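This is what each chain is made of:
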Amino acid sequence: MTVLFVDIVGSTALVDRLDPEDVRAVQRAYFDTVSGVLRRWNGVVEKYVGDAVMALFGARESDGFDAYRAVRAGLEIQRALDRRPLTGDIALRVRVGVATGEAVVELPAVRDGGHGVASGAVITTAARLQAYAPPGAVVCCPATRRATAGLVRQRQLTPVTVPGRAPALGIWQVVAPTWRPAARHDGPLVGRRRELATARDRIVRAIREGSPQWVSVTGPSGSGRSRLLHELTRAVDVVDGAPVRWCVASCPPHPYESLAPVANLLRDLVALDTAVPPSAVRGRLTGALTGLLPPGRLATAVPALERLLDAPDATAAAAAAWFHEVLLRLAARGPLVVGIDDLDRAAPAVDRFLHALFTAAAARGLPLAVVTLHGTDRAEELPVAAGRRCRVPLRPLAPVQTGRLLRQLLVRSGQPVNRVDRLLPLVGDTPGHAAAYVRSLADGADPAAPPLPEALVRAVGAEVDRLDGTRRAALMAGATLPDGFTADAVEWLLGWTPGQARAALAALRAADLLIALTGGRYALATPALRRVAAGRLPRRLRAAFASRAAERVGSEVPAHVVRDAGPAGAAPRRAAARSDAQSARSGRYAQPSAATFPVNPASAPRSDGTARRRDFRSAREDHPDRPAIDRRSPVDRPGGTDLPAWRPPTSTSREVRPGRWPDRADPAAEASVPHVHPDAAAPSGGSPPVTAGTAAA
């Protein structure tokens, strides 16, 4: 979880020189501004302490980008308040501190103004960071820095000495967001040659025939989608002597900046980065578009495109229409490929933009290709014929391919190759997990017992959080059982009625969190998922589950179940039927809800709220992607009437709440959990009855 503290600089002197009526007016404007920004970034105001505001990110559910949203909220608070008059000529300066770590959260009380919701050292750290921050700055702790690496620009400040703590606390100032995450694609491409050739052939076909092609690269998190896109930009740089122009952008998690990926495409086209000062943006745009647009249209397009770069929300729809025209004119001059990474996080406005671009290019016979990257569960309704679209699924790596990838990664990082045997059972069949483990070893992790890298804890933990209560309970119970467990075993552990776990396990299988083995048996999809799901259980409950699981299966329980939160040993190997299950994988993520952990009536939590331990030690995975929960921005009304070729449709008539899409269910409505029968009696072995309800405690 991430905690944000914001406070006014010199508030005592300000209050002393103002009348009480003026103080009240300033405070109202200040609190309204801060709370509005926090809500836009999906933060929850935990308390108001004098002039300070404390907010939580990831308290009820996590999308894997809690720290990123917190620092972006801090930057926006500074832009809205720092040296800007709120009432009359009264201007404020504020400091913002952001910290990430563990906390105990009273889930029923997670709401704006829910005083005393969270407890933990991370709260004290955030308050300390705010006190140490320079006026007008946003500072963060090392954990937040790692979680936002590549997403924001940061500058290290002098470490500070915190009373009662040693050594000194490192702090970083967050400077600005980056429009494109720093790519780390220096590793080898293993096991993806066929997929690369398929995507390349489709792009070349679009260029040669003047027949636009839509290529969708699909796969779960860590499967190497972004790596494949990077390789495509190198493999398709010239076709028949004609240079190919690539415009590539990713979709960062913007709750309300719905056109941010379109703005990022524009930045890539005109080679704008965060080092370019705002005063030079207009000149850069004018130079890049001169000769592409007629002078009369250029004079109108450049200010509109500046607006798109400055505030890429729905009010910039007119500017997006100008960029639509720019891309079509560019494709008319030569081959053009538009690539969008992490399309799962894109707003519907981005889909409409791409569809309109593709349809217009197809009608004109332009040499254009669109390459999109997303999870396997995303249903694309493409406005193109079957012959013009191609889906390229990325399958799990075979063990020999994973071993070869680990060897090459270890050699490139200067580490002994004999570590492959230790890492192979921990990595499974996911390339991104292999890269994360090798990086953690290069950063000093214990090679004898490699801990789960922070990047995987954060990314996999977000997958667990997105499940509803029933599925989460079944997954955690399955994580305490050896591979090859059945629905009966899960029901026995949780005290559920016969047949109750089958639907939950089937949904987890459809979400690609479980692998279906022969004979109605299941295995966890990745070793990292097993370790995270089991690690979410309190130690007492974990031990009780392990005892009951041992009695049930009559065999030794995996080591990670018995141990505490320390480094886990090697995960058990998959059953022989694993390869068959891999070949039958379908969509990875099931539709989630915000329901809480299901409880049996006999062990229901108290109505005053039961604290649940949330472990969000954070870092950033190479390619976190595709939350099944739609975390994109709300559909706003487009502006402008005099638009070029692309006219975005009017906004939906459904009611949209700030920070949510219409298709996202109301957590209050989803909080009702299915009825679960009372616990089964304790087995004769003496283990106490264990329920999903006790797991929520």
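Remember, it's a predicted structure, so these values are computed and weren't measured experimentally.

Some words on the overall build of the chain
Summing up its helical and strand segments, the chain has 25 helices and 21 strands in all. With 697 residues in all, the chain has 60% of them scored as buried. In the chain, of all internal contacts separated by at least 6 residues, the share reaching a separation of at least 24 is 75%. When the accessible surface of the chain is split by element, carbon and sulfur atoms take 52% of a total near 27,300 Å².

Regarding the sheet that holds strand β6 (residues 94–100)
Across the sheet, which stays open at both edges, the 7 strands sit in the order β2-β3-β1-β6-β9-β11-β10 with mixed pairing between neighbours. Of all the strands in the sheet, just β2 (44–49) and β10 (152–156) have a single pairing partner and so form its edges. Strand-to-strand twist across the sheet, computed as the mean angle between neighbouring axes with direction ignored, equals 25°. Along the sheet, helix α2 (residues 20–40) makes contact with β1 (2–8), β2, β3 (52–57) and β6, crossing β3 at roughly 10°. Sitting on the sheet, helix α3 (residues 66–81) is in contact with β1, β3, β6, β9 (138–140), β10 and β11 (172–177), with an inclination near 180° to β6.

A closer look at the packing of aromatic side chains
How two aromatic rings sit relative to each other is given by the distance of their centres and the angle of their planes. As enumerated under the stated definition, the model contains 6 aromatic pairs in all. Geometrically, the ring pair formed by tyrosine 30 and phenylalanine 31 is tilted, given 5.1 Å between the ring centres and 50° between the ring planes. Assessed through its relative accessible area of 0%, tyrosine 30 is described here as buried. Aromatic rings pair up to connect Tyr30, Phe31 and Tyr48 into one cluster. A cation over a ring is seen here: arginine 145 above tryptophan 172, with NZ or CZ 4.5 Å from the ring centre. Above the face of the phenylalanine 65 ring, arginine 458 is positioned so that its terminal group lies 5.3 Å from the ring centre.

Quick notes on the pairing of strand β18 (residues 389–393)
Residues in a regular strand project their side chains so that they alternate between the two faces of the sheet. Burial along β18 is one-sided: the residues Cys390 and Val392 are buried and none of Arg389, Arg391 and Pro393 is. With 5 bridges connecting them, strand β12 (residues 213–218) and β18 associate as parallel partners. Looking at the pairing, serine 216 lines up with arginine 391 of β18.

Observations regarding the nonpolar core
If you look at the biggest cluster of nonpolar residues, it comprises 59 residues, and the most contacted ones within it are Leu475, Val490 and Leu505. Here leucine 505 is in contact with Ala474, Phe485, Thr486, Ala487, Val490, Leu514 and Tyr522, once residues within four sequence places are set aside. Of all hydrophobic cores here, the second largest spans 51 residues; its members include Val281, Leu330, Ala346 and Ala361.

With respect to the packing of helix α17 (residues 469–479) against helix α19 (residues 500–510)
Following both chains from N to C, one finds α17 and α19 inclined at 85°, their axes separated by 9 Å at the closest point. Considering the angle they form, α17 stands roughly perpendicular to α19. Contact residues: Thr470, Arg471, Ala474 and Leu475 in α17; Ala504, Leu505, Ala507 and Leu508 in α19. Residue classes in the contact of α17 with α19 are distributed as 6 nonpolar, 1 polar and 1 charged.

Details of the confidence of the model for the chain
Residues with a pLDDT of 70 or more make up 75% of the chain, whose mean pLDDT is 77. Every residue in residues 559–697 is under pLDDT 50, and counting partners more than four places away or in other chains gives 389 contacts.

Quick notes on the environment of alanine 70
Relative to the elements of secondary structure, alanine 70 occurs in helix α3. What makes alanine 70 buried here is its relative accessible area of 0%. Taking the C-alpha atoms as reference, alanine 70 lies 9.6 Å from threonine 100; in sequence the two are 30 residues apart. Ignoring anything within four residues of it in the chain, the contact list for alanine 70 reads Thr2, Leu4, Phe57 and Val98.

Some words on the sheet that holds β18
Pairing is parallel in the open sheet, where 5 strands are placed in the order β15-β16-β17-β12-β18. Every other strand in the sheet has two partners, leaving β15 (245–250) and β18 as the edge strands with one partner each. On average, each strand axis in the sheet is inclined to that of its neighbour by 15°, with strand direction left out of account. Here 6 bridges tie β12 to strand β17 (residues 368–374), and the two strands are oriented parallel to one another.

A word on the pattern of salt bridges
Throughout the structure, instances matching the rule amount to 21 salt bridges. Of the charged contacts, one joins aspartate 66 and arginine 69 as a salt bridge, the two residues approaching to 2.7 Å between their closest N and O atoms. With aspartate 66 and arginine 69 both in helix α3 and 3 residues apart, this pair spans about one turn of that helix. Assigned by exposure class, aspartate 66 and arginine 69 land together as buried. The shortest N-O distance in the salt bridge between arginine 146 and glutamate 454 comes to 2.7 Å.

Topic: α17
Summarising burial for α17: 11 of the 11 residues are buried, a large majority. Regarding α17, the residues found buried are Gly469, Thr470, Arg471, Arg472, Ala473, Ala474, Leu475, Met476, Ala477, Gly478 and Ala479. By the N-cap criterion, in which a side-chain oxygen at the helix start approaches the backbone nitrogen of a residue two or three places on, α17 is capped by aspartate 468, the distance to threonine 470 being 3.3 Å.

A closer look at the packing of helix α18 (residues 487–494) against α19
Relative orientation and spacing of two packed helices are given, respectively, by the angle between their axes and the distance between those axes. At a minimum axis distance of 9 Å, the contact between α18 and α19 shows a crossing angle of 115°. In this structure, the crossing between α18 and α19 has a hand that is right-handed. Facing α18, whose interface residues are Ala487, Asp488, Val490 and Glu491, α19 presents Gln500, Ala501, Arg502 and Leu505. Each residue belonging to the contact of α18 with α19 can be placed in one class, and the counts come to 4 nonpolar, 1 polar and 3 charged.

The rules behind the values
Residues numbered from 1 in each chain as written. Predicted model: local features only at pLDDT ≥ 70, side-chain atom pairs only at ≥ 80, totals over all residues. Heavy atoms only, no water. Helix = DSSP H or I, 4+ residues; strand = E, 2+ residues; numbered from the N terminus. Buried < 20%, exposed > 50% of the residue type's maximum accessible area, 1.4 Å probe, protein only. Contact = heavy atoms within 4.5 Å. Areas by Shrake-Rupley, 256 points an atom, 1.4 Å probe, with all protein chains shown as cover. Pairing = 2+ DSSP bridges. Axes fitted to C-alpha atoms, helices over the stretch in contact; angles between N-to-C directions. Phe/Tyr/Trp six-rings, centres within 6.5 Å; stacked < 30°, edge-to-face > 60°. Lys NZ or Arg CZ within 6 Å of the ring centre and 35° of its normal. Core = buried A, V, L, I, M, F, W, Y, C linked by side-chain atoms within 4.5 Å. Parallel < 35°, antiparallel > 145°, perpendicular 65-115°, else oblique. Nonpolar A, V, L, I, M, F, W, Y, C, P; charged D, E, K, R; others polar. pLDDT = per-residue confidence, 0-100. Salt bridge = Lys/Arg side-chain N within 4 Å of Asp/Glu carboxyl O. Polar contact = N/O pair within 3.5 Å; in protein donor to acceptor, adjacent residues only side chain to side chain. Left-handed = near helix turned anticlockwise from the far one by under 90°.

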